[in-house]
Amino acid sequence: VEVMLQPTPALTWVSTGGILDLYIFLGPNPQSVIRQYLQVIGYPTMPPYWSLGFHLCRWGYTTTTTTRKVVERMHNASFPLDVQWNDLDYADKRRIFTYDPWRFGDLPQMVKEFHERGMKYILILDPGISSTSPSGTYPPFDHGLKRDVFIKNATGNILIGKVWPGPTAFPDFTYPETRKWWEDCIRDFHSKVPVDGLWIDMNEPASFVQGSVEGCPDNDLENPPYTPRVVGGQLNSGTICMSAQQNLSTHYNLHNMYGLAEAYATNRAFTNVLGKRPFVLSRSSYPSIGRYSAVWTGDVRSDWEQLRFSIPAVLQFSLFGVPLVGADICGFGGNTTEELCVRWMQLGAFYPFMRNHNDKPNAPQEPYVFGQKAQAAMRSALNLRYSLLPFLYTLFHHAHTSADTVARPLFMEFPTDPNCQTIDRQFLWGSSLLISPVLEEGAVDHLFFFSLGQYLLLPAPLDTINVHVKEGHIIPQQEPALTTTASRRNPFFLTVALSAGGWAWGDLFWDDGESLDTYEMGNYCYVTFIAGESQIVSDPLRLNGALDGLILGGLQVFGVPSSPHYVLANGDFSVCFFTQVLTVTSLALPMSEVFTVQWAL
Ligand SMILES: *[C@@H]1O[C@H](CO)[C@@H](O)[C@H](O)[C@H]1NC(C)=O
Ligand SMILES: *[C@@H]1O[C@H](CO)[C@@H](O)[C@H](O)[C@H]1NC(C)=O
Ligand SMILES: *[C@@H]1O[C@H](CO)[C@@H](O)[C@H](O)[C@H]1NC(C)=O
Ligand SMILES: *[C@@H]1O[C@H](CO)[C@@H](O)[C@H](O)[C@H]1NC(C)=O
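If you check an unreviewed UniProt entry, the protein appears there as Glucosidase, alpha; acid (Pompe disease, glycogen storage disease type II) from Echeneis naucrates. According to UniProt, the comment filed for the protein under the heading Sequence similarities (unreviewed entry) is "Belongs to the glycosyl hydrolase 31 family."

Tallied over the full model, the rule gives 25 salt bridges. A salt bridge links Arg 95 to Asp 92, with the nearest nitrogen and oxygen atoms 3.0 Å apart. For Arg 95, a relative accessible area of 10% puts it in the buried group. Through salt bridges with shared partners, a single network forms among Arg 147, Glu 177, Lys 180 and Asp 184.

Time to look at the site of ligand 2. Near ligand 2 you find Asn 153, Ala 154, Thr 155, Asn 157, Glu 214 and Pro 217, and these make up its full shell. A distance of 2.7 Å separates a nitrogen atom of ligand 2 from a polar side-chain atom of Thr 155. In this structure, an oxygen atom belonging to ligand 2 sits 2.5 Å away from a side-chain N or O atom of Glu 214. Burial of ligand 2 by the surrounding chains reaches 62%, relative to a free accessible area of 360 Å². For the shell around ligand 2, the per-class residue count stands at two nonpolar, three polar and one charged.

Attention now moves to helix H10 (residues 372-387). With 16 residues, H10 ought to run about 22 Å at 1.5 Å a step, and its terminal C-alpha atoms sit 22 Å apart, in line with that. The complete set of buried residues in H10 reads Ala 374, Gln 375, Ala 377, Met 378, Ala 381, Leu 382, Arg 385, Tyr 386 and Ser 387.

Our focus in this paragraph is the packing of aromatic side chains. In this structure the tally under the stated criterion is 29 aromatic pairs. With a centroid separation of 6.4 Å and 85° between ring planes, the pair formed by Trp 85 and Phe 279 is classed as edge-to-face. Taken together, the positions of Trp 85 in strand E4 (residues 83-86) and Phe 279 in strand E10 (residues 279-282) put the pair 194 residues apart, joining distant regions of the chain. Note on Trp 85: relative accessible area 0%, which makes it buried. Aromatic pair Phe 97 and Phe 189: ring centres 6.2 Å apart, planes at 70°, arrangement edge-to-face. Here the residue Phe 97 occupies a position in the loop between E4 and helix H3 (107-116), and Phe 189 occupies one in helix H5 (residues 176-192), the gap between them amounting to 92 residues. Given a relative accessible area of 4%, Phe 189 falls into the buried group. Taken together, Phe 97, Phe 141, Phe 150, Phe 173, Trp 181, Trp 182, Phe 189 and Tyr 258 form an aromatic cluster joined through their ring pairs. The ring of Tyr 138 carries Arg 95 above its face, with NZ or CZ at 4.9 Å from the centroid. Here the guanidinium or amino end of Arg 355 rests over the ring plane of Trp 199, the centre of that ring lying 4.5 Å away.

Once that is clear, we can look at the sheet that holds strand E11 (residues 294-296). Spatial strand order, E12-E11-E10-E9-E5-E4-E3-E14-E13: nine strands in an open sheet with parallel pairing. Each edge of the open sheet carries a strand with a single partner, namely strand E12 (325-326) and strand E13 (328-329). One ladder, built from two bridges, connects strand E3 (residues 54-58) with E4; its direction is parallel. From the neighbouring strand, Leu 56 faces E4, where its bridge partner is Gln 84.

Here we take up the sheet that holds strand E6 (residues 129-130). Strands sit in the order E6-E8-E7 across an open sheet of three strands; the sheet is antiparallel. Either end of the sheet is taken by a strand with one partner, and the two such strands are E6 and strand E7 (160-163). Where E7 lies against strand E8 (residues 166-169), four bridges are found, and the strand directions are antiparallel. What sits directly across from Ile 160, in E8, is Ala 169.

This part covers the pairing of strand E2 (residues 10-14). Sheet analysis places strand E1 (residues 2-6) next to E2, joined by five bridges and oriented antiparallel. Within E2, the residue paired with Met 4 across the bridge is Thr 12. What sits between E1 and E2 in their antiparallel hairpin is a turn of three residues.

Next up on the list: unusual backbone geometry. In this structure, the amide linkage connecting Thr 8 to the following residue, Pro 9, adopts the cis form with an omega of 5°. Its place among the elements puts Pro 9 in the loop between E1 and E2. The amide bond that connects Gly 27 to the next residue, Pro 28, takes the cis arrangement and shows omega of 25°. Looking at the element boundaries, Pro 28 is found in the loop between E2 and helix H1 (30-41). Although it is not a glycine, Lys 93 adopts a positive phi angle of roughly 55°. Structurally, Lys 93 is set in the loop between E4 and H3. On the accessibility criterion, Lys 93 (59% relative accessible area) is exposed. Despite not being glycine, Ser 288 has its phi angle at roughly 95°, a positive value. Mapped onto the elements, Ser 288 comes out in the loop between E10 and E11. Residue class for Ser 288 comes out buried when judged on its relative accessible area of 16%.

What counts and how
- Residues numbered from 1 in each chain as written.
- Chains lettered and ligands numbered in written order.
- Predicted model: local features only at pLDDT ≥ 70, side-chain atom pairs only at ≥ 80, totals over all residues.
- Heavy atoms only, no water.
- UniProt positions renumbered as here; feature names shortened; annotations may be inferred.
- Salt bridge = Lys/Arg side-chain N within 4 Å of Asp/Glu carboxyl O.
- Buried < 20%, exposed > 50% of the residue type's maximum accessible area, 1.4 Å probe, protein only.
- Near = heavy atom within 4 Å.
- Polar contact = N/O pair within 3.5 Å; in protein donor to acceptor, adjacent residues only side chain to side chain.
- Areas by Shrake-Rupley, 256 points an atom, 1.4 Å probe, with all protein chains shown as cover.
- Nonpolar A, V, L, I, M, F, W, Y, C, P; charged D, E, K, R; others polar.
- Helix = DSSP H or I, 4+ residues; strand = E, 2+ residues; numbered from the N terminus.
- Expected span 1.5 Å × (residues − 1).
- Phe/Tyr/Trp six-rings, centres within 6.5 Å; stacked < 30°, edge-to-face > 60°.
- Lys NZ or Arg CZ within 6 Å of the ring centre and 35° of its normal.
- Pairing = 2+ DSSP bridges.

Structure below.
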């Protein structure tokens, strides 16, 4: 089916046949439309906590030595970094489930070192299985042949396309035996290289030859009566033949679901191998993929236009039930400039999934390659993100359990304000944090939309990204660190924005960050914070021990009218400052117990 949006406004549907099931979600408001949609396609999965940290990747980290140096330089320059990645550089002759014996011979050791630093490691895993290695030398293909896991052409032979390793066969993830074989491959590889996440790319599936190395037959599936405006002008351009046979049906019927089927297989396999929450990142997507995988917006260019487009791209995936989404920060294609990369790191600090990723021929764009001023701006954006991770994680909990959005368009929060309908240069985290990035070269001011209906011009020099807390909200934060392994042990603090009436509310979901189904099994903590009548009280509604030993170190209250005479924390006098904002420091209140902070005006 091809669907076109007309300016009228109207939708035009073009179909060559089949049965069309139409679901209409009546809302009445945008948030309930999304919830109704996700009740059909499934709620998003809960990501591991570390996956909300900073990820660094490029094609062209050609050895373990180079990859280690990247991590060391990030660390030396005090940039938070949770996850180091490798693109296909790691693989022996670009074949998945192998690693290059010379350039990546000590890959297992490298991964172990990253783990010792409290970091994680992810590598790329394309679906194409090299079909030309001498028999007996490449088990993924040999075993796959034996177990009959590959997609067949119209006459029943294995369909061979071409991807990075050369000629390749394509696993048929709709076939149950294929999913078992995939799990065996992942288990075997993981026993050697204990990766923490899998990056499933090229899963449209992409192929460098049209259809197959033998082409495709001329039939109605390859050349239907109507061809939508697809890349290359034919359905089999850049992919495999439509008349190829999969267990469930023809590839014609399954093409758009190849990535979803692979994400499902990978998520299930990896869950079984790890016994923990898996992290999977997919390029191809389809409704329901948020249950199994994160998504990134593909190979974007390093330019200002793509920086701007990344906001609607991320917000759309929010609406599609894929909250864990981001664009390649600083751009994948072409060379970035320092200013663009600073602005992109600032915006990217508010992508739910934050990864800087670069293509092989380009100038480097890791934070440490830039001047001191640019580095300071990037470091401050990263530290701000890391400080907000408890809040971000809590938003993911609500996405997982209630189909809320994480990165949220303004129209969802203010559905009756017509000004909000078209805003795509600002967005919210949840309902309380407004992000107003700079999206133009040379700009130091930015237009800011206010819920009272005013536009204000705010200063935004290179080291600044404007972030605003909505009145009546409490944001749980934690002192940042170079990894989430470390930051998760740091003191919490609260940012409180009192409403005009002096009230505010916030909440925190907390668990071990990696076990399966913690919410479903009750293995989590859930604490609410309530401010009103010159005090803030915590209310731990559920405790399982995950917050034991963690403390509240301080808080900031906006909207206190004048300097208090004193502040009491659980009845004891506390250190405080007042310069329009009430700041309370040096607290050590256990997070797993009720606490009260009061101020006397
Ligand atoms: C990191 O810092 C250490 C200590 O100053 C230094 O020996 C090392 O060479 C630095 N690493 C890199 C890759 O710059
Ligand atoms: C299927 O593959 C076989 C073996 O490569 C080839 O001989 C045959 O022509 C292919 N069939 C189609 C319909 O392309
Ligand atoms: C699909 O696989 C099942 C076994 O899992 C088998 O019984 C069935 O015949 C297969 N269908 C096709 C069309 O190959
Ligand atoms: C991009 O940077 C690389 C490495 O610094 C350089 O070799 C290349 O010429 C640059 N490309 C363009 C288009 O400026």
